[in-house]
Amino acid sequence: MSSPAYSVLASCYDAMMEDVDYPAWADFYEAQFARFADKKPTMILDLGCGTGTLTNLLAGRGYDMIGVDLSGEMLARASSAALAAGKNVLYLEQDMRAFDLYGTVDAVVCSLDGINYLTKKEDVARCFARVHTFLNDGGLFLFDVNTPWKFEHIFGDESYILEDETTYLGWQNQYNKKTGLCRFYLTFFCETASGLWERFEEVQSERAYSDRVLRGLLAQAGFDVLDIVSDFDGTPAGKEDERHYFICKKI
């Protein structure tokens, strides 16, 4: 049974991401606010927020949060989790290339390689331009990407198996080094409420972007790149890192 991207993934996304240290991610963002923000942000946009784990965590730390994602299924889970925690978070089902807010924000974050999912350079440019439009002057834009090195040496054409008590995922990669495009062929076996298991399939794509390309697109959109690091401890970015974190400021 085929399914639109993320419609099935939404039901088991949190289980797949259980190893992600979201508090450490939030700590990293707050450290960058302390380093580079003219004043502590009040209103933050979480772009590509998924099921809202990080969004709701930041809301719990006192920030006014807006979450934007293309998947209604993801946002339904995010909203339910926010309500259960007593957090008032505005979730909007929008495309990160063309999102529209009611006003401006003090900071924008985009976590867990959301930018890589924009597989055309012009789409990244559109996204950066929208962020610039809705970011207050001097506001920070923080995002991370999977590096070209990771696509070539970690993802490559490898296969993975991820499983827990209710979900089994077969993950096959197909990477084209020339184009930088990586396709993820995902086969899910999910346990239903009745105890039966159903099979679903999805295909997702990410593209590798070099720091040089991203710097150019950010400059074009009106951002100054303040720093690029490879870990939450501030290790400078290198050629053999799996992930790079960009700290940018609206000029």
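Before reading on, note that the structure itself is shown above.
Report on the accompanying structure. Within any chain, residue numbers begin from 1 and follow the written order of that chain's sequence. It should be noted that, the model being predicted, local features are given only for residues of pLDDT at least 70 and side-chain atom pairs only at 80 or more, the latter also being counted only at that level, while totals for whole chains, interfaces and linings use all residues. Side-chain descriptors were evaluated using all non-hydrogen atoms of the structure, hydrogens and water having been removed beforehand.

### What to know about the overall build of the chain
Labels follow the DSSP assignment, with helices taken as runs of H or I lasting at least four residues and strands as runs of E lasting at least two, numbered in each case from the N terminus. Helix and strand counts for the chain come out as 7 helices and 11 strands. Against the 2.2 N^0.38 benchmark of 18 Å for 251 residues, the chain shows a C-alpha radius of gyration of 18 Å, consistent with a compact globule. Overall, the C-alpha framework of the chain stretches about 55 × 45 × 30 Å when taken along its three principal axes. Here, two residues are considered to be in contact whenever any of their heavy atoms come within 4.5 Å of each other. Long-range contacts, defined as pairs at least 24 residues apart, comprise 64% of the intrachain contacts of the chain with a sequence gap of at least 6. Only the protein chains shown count as cover for residues, with accessible areas throughout obtained via the Shrake-Rupley method and a probe of 1.4 Å. Taken as a whole, the chain presents about 12100 Å² of accessible surface, with 49% of it coming from carbon and sulfur. Note that His is not counted, nor are the chain ends; the positive residues are Lys and Arg, and the negative ones are Asp and Glu. Where a charge sits is defined by one atom per residue type, namely NZ (Lys), CZ (Arg), CG (Asp) or CD (Glu). Separation of charge centres in the chain, based on 23 positive and 39 negative side chains, amounts to 9 Å. Here the globule rule is a power law, 2.2 Å times the number of residues to the power 0.38, and the radius of gyration is based on C-alpha atoms.

### Some details on the sheet that holds strand β10 (residues 223-229)
Strand order across the open sheet formed by 7 strands is β3-β2-β1-β4-β5-β11-β10, with mixed pairing between neighbours. Of all the strands in the sheet, the pair left with one neighbour each is β3 (90-93) and β10. Taking the axes of each pair of neighbouring strands and ignoring which way they run, one obtains an average angle of 20° across the sheet. Strand pairing follows a simple DSSP-based rule, namely that at least 2 bridges must link the two strands. Bridging between strand β5 (residues 135-146) and strand β11 (residues 243-250) involves 7 bridges; their strand directions are antiparallel. Across the sheet, the residue bridging to V145 is H244, located in β11. Each axis is a line fitted through C-alpha atoms, taken for helices only over the stretch in contact, and angles between the N-to-C directions span 0 to 180 degrees. Docked against the sheet, helix α2 (residues 22-36) engages β1 (43-47), β4 (105-110), β5, β10 and β11, running at close to 140° with respect to β5. Here helix α7 (residues 211-221) sits on the sheet and contacts β5, β10 and β11; the angle it forms with β10, its principal contact strand, is near 150°.

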